[in-house]
Amino acid sequence: MNKVIFENSMLSVSIDELGHLKLHQKNGGVVIIPIHKNQYAIIQHLRNGENLYEFPRGFIDSGETHLTGGERELKEELNLESSNSYILGKLSTDSGLISDKIQAIICEVDDIKNLTPQKEEGVICCKFHSLEEIFGMIKQGLIRDNFTLSALMLLIAKNQS
């Protein structure tokens, strides 16, 4: 039996019978891949004092689907609205440590004139890039976020079929 040592509305942390730490995500999360004219939004996000380049992401609220949560996060983080959203696939962050329900979703965006990064949440800026430019950012070590890299790999694999 797991002993819960911390809990809030988004997750609980416990220790299992072997003494291993476990994180359980309650509602799940989304990695959002915003697409506009065959280019993909990469945000620059300040997390724990570090500038990171990544796809937008966030927790979904209780009662939300991954799609509605992703669309809400897109609106909150970038002030953009999706004209068409669909689930790309499931992601697992660390199956040995974290029990999560994360989905990568595509949000097609027709109009980016109202793009406004959510600076109070650490989003510094957002730019749309081609896949080739994103590959270059990975090669330079700019993109190293596991959610972004996993979602990107899923996007590439699904587009190959």
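Residues numbered from 1 in each chain as written. Predicted model: local features only at pLDDT ≥ 70, side-chain atom pairs only at ≥ 80, totals over all residues. Heavy atoms only, no water.

### Overview of the overall build of the chain
In step 1: A tally of regular secondary structure across the chain gives three helices and eleven strands.
In step 2: Secondary structure elements of the chain occur, N-terminal to C-terminal, as β-β-β-β-β-β-β-α-β-β-β-β-α-α.
In step 3: In terms of its C-alpha atoms, the chain occupies a principal-axis envelope of roughly 50 × 35 × 35 Å.
In step 4: Looking at the chain residue by residue over its 161 residues, the buried ones come to 41%.
In step 5: Contacts spanning at least 24 positions in sequence make up 58% of the contacts within the chain whose residues lie at least 6 apart.
In step 6: When the 16 basic and 22 acidic side-chain charges of the chain are each reduced to a single mean position, those positions are 2 Å apart. (Helix = DSSP H or I, 4+ residues; strand = E, 2+ residues; numbered from the N terminus. Buried < 20%, exposed > 50% of the residue type's maximum accessible area, 1.4 Å probe, protein only. Contact = heavy atoms within 4.5 Å. Lys, Arg positive; Asp, Glu negative; His and termini not counted. Charge placed at Lys NZ, Arg CZ, Asp CG, Glu CD.)

### Points about the nonpolar core
In step 1: Membership of the largest hydrophobic core comes to 19 residues, with the highest contact counts inside it found for Ile-33 and Phe-55.
In step 2: Looking at this core, the elements that each hand over two or more residues are strand 4 (29-36), strand 5 (39-47), strand 8 (84-91), strand 10 (102-108), helix 2 (131-139) and helix 3 (146-160).
In step 3: Looking at this core, the element that brings in the most residues is helix 3, giving five residues.
In step 4: For Ile-33, the residues in contact, after removing those within four places along its chain, are Tyr-40, Phe-55, Leu-88, Ile-105, Ile-106, Cys-107, Ala-151 and Leu-155.
In step 5: The next biggest cluster of nonpolar side chains, apart from the first, holds 14 residues, and it includes Ile-60, Leu-78, Val-123 and Phe-128. (Core = buried A, V, L, I, M, F, W, Y, C linked by side-chain atoms within 4.5 Å.)

### As for the environment of Glu-54
In step 1: Note that Glu-54 resides in strand 6 (residues 50-54).
In step 2: Residue contacts for Glu-54: discarding those within four places in its chain leaves Ala-41, Ile-42, Ile-43, His-45, Arg-47, Asp-145 and Thr-148.
In step 3: Side chain to side chain, Glu-54 and His-45 meet in a polar contact 3.2 Å long.
In step 4: In terms of polar contacts, Glu-54 uses its side chain to reach the side chain of Arg-57, at 3.4 Å. (Polar contact = N/O pair within 3.5 Å; in protein donor to acceptor, adjacent residues only side chain to side chain.)

### Looking at helix 3
In step 1: The terminal C-alpha atoms of helix 3 lie 21 Å apart, and with 15 residues this matches the ideal 21 Å at 1.5 Å per residue to within 8%.
In step 2: Burial in helix 3 covers these residues: Phe-147, Thr-148, Ala-151, Leu-152, Leu-154 and Leu-155. Buried residues along helix 3 cover an arc of 160° about the axis, so they all sit on one side. Turned more than 90 degrees off the buried face of helix 3, the exposed positions are Met-153 and Gln-160. (Expected span 1.5 Å × (residues − 1). Arc of directions from axis to C-beta.)

### Side note on the state of the cysteines
In step 1: A complete count under the given rule lists zero disulfides for this structure.
In step 2: No disulfide involves Cys-126; its nearest neighbouring cysteine sulfur is the one of Cys-125, lying 7.5 Å away. (Disulfide = S-S within 2.5 Å.)

### Thoughts on the pattern of salt bridges
In step 1: All chains considered together, the criterion is met by ten salt bridges.
In step 2: Arg-57 serves as the salt-bridge partner of Asp-145, at 2.7 Å between the closest nitrogen and oxygen. Of the two residues, Asp-145 sits in the loop between helix 2 and helix 3 while Arg-57 sits in strand 7 (residues 57-59), which places them 88 residues apart along the sequence.
In step 3: Its relative accessible area of 10% is what places Asp-145 among the buried residues. (Salt bridge = Lys/Arg side-chain N within 4 Å of Asp/Glu carboxyl O.)

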